[in-house]
Amino acid sequence: MDNVGKIMMIIAVIAVIGAAIRYVYFYKKEHFECPHCGNKFKPKVLNMIFSVNAVEGKIITCPKCGEKEYMEPKKDK
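Owing to the predicted nature of the structure, the values given are computational and were not obtained by experimental measurement.

What counts and how
Residues numbered from 1 in each chain as written. Predicted model: local features only at pLDDT ≥ 70, side-chain atom pairs only at ≥ 80, totals over all residues. Heavy atoms only, no water. Phe/Tyr/Trp six-rings, centres within 6.5 Å; stacked < 30°, edge-to-face > 60°. Helix = DSSP H or I, 4+ residues; strand = E, 2+ residues; numbered from the N terminus. Buried < 20%, exposed > 50% of the residue type's maximum accessible area, 1.4 Å probe, protein only. Pairing = 2+ DSSP bridges. Contact = heavy atoms within 4.5 Å. Axes fitted to C-alpha atoms, helices over the stretch in contact; angles between N-to-C directions.

## Concerning the packing of aromatic side chains
At step 1: Throughout the structure, instances matching the rule amount to three aromatic pairs.
At step 2: Pairing Phe26 with Phe32 gives two aromatic rings, centres 5.1 Å apart and planes at 40°, and the pair type is tilted.
At step 3: One aromatic cluster is present, built from ring pairs that chain together Phe26, Tyr27, Phe32 and Phe41.

In structure tokens, the structure reads:
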């Protein structure tokens, strides 16, 4: 593997570690609240990974009412 390949591998590993840290923080301290039904939830990890990132939040589907909507994370109480 040449130097460029090694650098790309290091960048990829750093990106994965950064994403993992962000998700751990989210699941410990934040949740989403559906604007349609008011359901407070923490989505499954795969839903978080494959949902669309938008500004500060995500476009994600509420597990209770099924509405797909932009939601910003809220702090747990």
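## Examining the environment of Phe50
At step 1: With respect to the helices and strands, Phe50 occurs in helix α2 (residues 45-50).
At step 2: According to the relative accessible area criterion, Phe50 is exposed, its value standing at 68%.
At step 3: For the pair Phe50 and Ile60, spaced 10 residues apart in sequence, the C-alpha separation works out to 9.2 Å.

## Points about the sheet that holds strand β2 (residues 40-41)
At step 1: Here we have three strands laid out as an open sheet, ordered β2-β1-β6, and antiparallel in their pairing. With one partner strand each, in any of the chains shown, β2 and β6 (74-75) form the two edges of the open sheet.
At step 2: Sheet strands in contact with helix α1 (residues 3-29) are β1 (30-33) and β6, and its direction is about 70° off that of β1.

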